Amino acid sequence: MRRTTSPISPRTASFALKGVAAASAVAMLSACGGATSGDVSGSDETVNIAVNGWVGYEASAAVLAHLLEEEAGVKVEQKKLDEQPSWQGLNDGDLDVIVENWGHEDLMEQYGPDGNDTVVDGGPNGNIGTLGWYVPEYLVDDKPELATWEGIKDNTDLFQTPESGDKGEFLAADPAFVTQDQGMINHFEMDLEIVHAGSEAAQITEMQERYEEEEPFLAYFYDPQWLHNELDLVHVEFPEYEDGCAEDEDDVSCGYPEYDLNKIFRKDFAEEGSVAYQLLDNWKWTNEDQNAVAKMIADEGMDPEEAAEKWVTDNGDVWKEWIPADA
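Since the model is a prediction, treat every value here as computed from it, not as a measurement. (Residues numbered from 1 in each chain as written. Predicted model: local features only at pLDDT ≥ 70, side-chain atom pairs only at ≥ 80, totals over all residues. Heavy atoms only, no water.)

Peer 1: I'm lost on a negative patch on the surface in this one. Help?
Peer 2: There is a patch of like negative charges on the surface, built from Glu-137, Asp-141, Asp-142, Glu-145, Glu-150, Asp-154, Asp-232 and Glu-237. Among the elements that make up the negative patch, the one with the highest residue count is helix H5 (residues 137-142) (three residues). Relative to the helices and strands, Glu-237 resides in the loop between strand E8 (233-235) and strand E9 (258-266). (Patch = residues over 30% accessible without salt bridge, like charges linked within 9 Å, V, L, I, M, F, W, Y side chains within 5 Å. Areas by Shrake-Rupley, 256 points an atom, 1.4 Å probe, with all protein chains shown as cover. Salt bridge = Lys/Arg side-chain N within 4 Å of Asp/Glu carboxyl O. Lys, Arg positive; Asp, Glu negative; His and termini not counted. Charge placed at Lys NZ, Arg CZ, Asp CG, Glu CD. Helix = DSSP H or I, 4+ residues; strand = E, 2+ residues; numbered from the N terminus.)

Printed below as a string of structure tokens:
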């Protein structure tokens, strides 16, 4: 399990480069023709967007790629990478933007103004990131105490499954996702066993099946996430996050922090101020916007490009203001 030294990122991507060291990932990008500052100029501009491994991020990148190509005449390359290699890609000039950053103050310290000085904070993308423990609303209707960590602790037997043995099951997704759940289980002395579904998609399928049967489950989950449009889930209350409460990964005395998700730009790309940069800088949308596109991709089986085109067609009043005047 990898941790950041700052407030925790929710996950690492499980895409094609999962498990590849950052240096190797960036080398692969270069071999594929990654952008350099010289590539970004006039009508020949190419923008390289990092795509991290969850469908909400993929939805944002798909919409931005569609608008950049169709409204600004800019070529776009989407590069599927884990989170940390994406920052290395910005540093090396092989990427231009990360469109959904979950914290990572440690990486900003390494690559930002106080470090290599190769990346800049691009400001909020409009999404509010929430991580935590969730139970289905029908459980809370029956046992209101399950909306709190105390209620979970007193009812862990409710979540017992064959996979969790004599403990209650805590359903997680990909074991590569960065979480603080074991530290919370330890600190609050809960009789729970973390069981990984294997991926975001597998976890969602498991949650949908149990929800349909109104079975009990306790899961790590997050928002923005399109499944909230389909299932009524309750966020379990823990003591609020404060500085230092998650410093020891084996003894975490709080819930997760809330994130104002932001964009990270390659510094030279931002300073060039191209039409593409202006569009990305102007872009800001809501959790509801992202969830709508993500649901089309993950639940309705649409290609990301097709889902992006449909959202753009239906939401001109939202995105028109993102387009620079000289596009």
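Past the structure itself, the notes keep going.
Peer 1: Explain the environment of Ile-152 here, please?
Peer 2: Mapping Ile-152 onto the fold places it in helix H6 (residues 149-154). Distance from Ile-152 to Met-190, taken between C-alpha atoms, is 8.0 Å for residues 38 residues apart in sequence. In this view, Ile-152 contacts Trp-133, Val-135, Glu-145, Leu-146, Phe-159, Met-190, Leu-192, Leu-218 and Val-236; residues no more than four positions away in its chain are not counted. (Contact = heavy atoms within 4.5 Å.)

Peer 1: Would you explain the confidence of the model for the protein in this entry?
Peer 2: Do not read the predicted coordinates in detail wherever pLDDT is low. Across the protein, the average pLDDT comes to 88, with 87% of residues at or above 70. For the stretch residues 1-8, pLDDT sits under 50, and the model shows 32 contacts to residues farther than four places along the chain or on other chains. Scored below 50 in pLDDT, residues 10-43 makes 83 contacts in the model with residues more than four places away or belonging to other chains. (pLDDT = per-residue confidence, 0-100.)

Peer 1: Got a minute to help me understand the pattern of salt bridges in this structure?
Peer 2: Oppositely charged side chains can form a pair if their charged atoms are brought close together. For the structure on display, the rule yields ten salt bridges. Of the charged contacts, one joins Arg-266 and Asp-96 as a salt bridge, the two residues approaching to 2.7 Å between their closest N and O atoms. Taken as a pair, Arg-266 in strand E9 and Asp-96 in the loop between helix H3 (83-92) and strand E3 (97-101) lie far apart in primary sequence, 170 residues in all. Of the two residues, Arg-266 and Asp-96, neither departs from the other in class, the shared state being buried. Lys-295 serves as the salt-bridge partner of Glu-300, at 3.8 Å between the closest nitrogen and oxygen. Residues participating in the shared-partner salt-bridge network are Glu-169, Glu-206 and Arg-210. (Buried < 20%, exposed > 50% of the residue type's maximum accessible area, 1.4 Å probe, protein only.)

Peer 1: Hey, could you run me through helix H8 (residues 200-212) in this one?
Peer 2: Since the α-helix advances by 3.6 residues per turn, residues separated by three or four positions end up pointing in the same direction. The terminal C-alpha atoms of H8, which comprises 13 residues, lie 18 Å apart, in line with the 18 Å expected from a rise of 1.5 Å per residue. Among the residues of H8, those classed as buried are Glu-200, Gln-203, Ile-204, Met-207, Arg-210 and Tyr-211. Burial along H8 is one-sided: seen end-on, the buried residues are contained in an arc of 135°. Looking at H8, the residues exposed on the side facing more than 90 degrees away from the buried face are Ala-201 and Glu-212. (Expected span 1.5 Å × (residues − 1). Arc of directions from axis to C-beta.)

Peer 1: How should I be thinking about the packing of aromatic side chains in this particular structure?
Peer 2: Each aromatic ring pair is described using two quantities: the centre-to-centre distance and the angle formed by the ring planes. Summed over all chains, the structure comprises 18 aromatic pairs. The structure contains a cluster of three or more aromatic residues connected by ring pairs, namely Trp-133, Trp-149, Phe-170, Phe-188 and Phe-238. (Phe/Tyr/Trp six-rings, centres within 6.5 Å; stacked < 30°, edge-to-face > 60°.)

Peer 1: Whenever I open this one, the packing of helix H11 (residues 287-298) against helix H12 (residues 304-314) confuses me. Can you help?
Peer 2: The geometry of a pair of packed helices is captured by two quantities: the angle between their axes and the separation between those axes. Interhelical geometry of H11 versus H12 gives an angle of 140° and a closest axis separation of 9 Å. In terms of axis orientation, H11 runs oblique to H12. The element H11 and its partner H12 pack so that their crossing is right-handed. On H12, the residues that touch Asp-289, Val-293, Met-296 and Ile-297 of H11 are Pro-304, Ala-307, Ala-308, Lys-310 and Trp-311. A class-by-class count of the residues in the contact of H11 with H12 yields seven nonpolar, no polar and two charged. (Axes fitted to C-alpha atoms, helices over the stretch in contact; angles between N-to-C directions. Parallel < 35°, antiparallel > 145°, perpendicular 65-115°, else oblique. Left-handed = near helix turned anticlockwise from the far one by under 90°. Nonpolar A, V, L, I, M, F, W, Y, C, P; charged D, E, K, R; others polar.)

Peer 1: Quick question: what am I supposed to make of empty space enclosed by the protein here?
Peer 2: The full count for this structure, using the stated rule, is one cavity of 30 Å³ or more. Of the voids in this model, the largest cavity is the one considered here, and its volume is about 30 Å³. Tallied by class, residues from the lining of the largest cavity come to five nonpolar, three polar and one charged. (1 Å grid on protein atoms, 1.4 Å probe; cavity = no way out; pocket = protein on both sides within 12 Å on 5 of 7 lines; lining within 4 Å. Points joined across faces, edges and corners; volume = space filled by probe spheres on them.)

Peer 1: Even after reading the chapter, I still don't get unusual backbone geometry, so can you show me in this structure?
Peer 2: A negative phi angle characterises most non-glycine residues, just as the trans form characterises most peptide bonds. For the bond from Asp-223 to Pro-224, the omega torsion is 10°, close enough to zero to count as cis. Mapped onto the secondary structure, Pro-224 falls in the loop between strand E7 (219-223) and E8. Even without glycine at this site, Glu-189 takes up a positive phi of about 55°. Secondary-structure assignment places Glu-189 in the loop between helix H7 (181-187) and strand E6 (192-196). A positive phi is found at Glu-214, a non-glycine position, where the angle reads about 55°. Secondary-structure assignment places Glu-214 in the loop between H8 and E7. What makes Glu-214 exposed here is its relative accessible area of 57%.

Peer 1: What exactly am I supposed to notice about the environment of Glu-249 here?
Peer 2: Along the chain, the position of Glu-249 falls in the loop between E8 and E9. It is 6.4 Å that separates the C-alpha atoms of Glu-249 and Gln-180, two residues lying 69 residues apart in sequence.

Peer 1: When you look at the pairing of E3 in this model, what are you seeing that I'm missing?
Peer 2: On a regular strand, one side chain projects to one face of the sheet and the next to the other, so that they alternate. Where burial is concerned, most of E3 is hidden: five out of the five residues are buried. Sheet topology note: the strand E1 (residues 46-51)/E3 ladder contains two bridges and is parallel. Bridge pairing links Ala-50 to Ile-98 in E3. Two elements, E3 and E9, share three bridges in a ladder whose sense is antiparallel. Looking at the pairing, Asn-101 lines up with Asn-262 of E9. (Pairing = 2+ DSSP bridges.)

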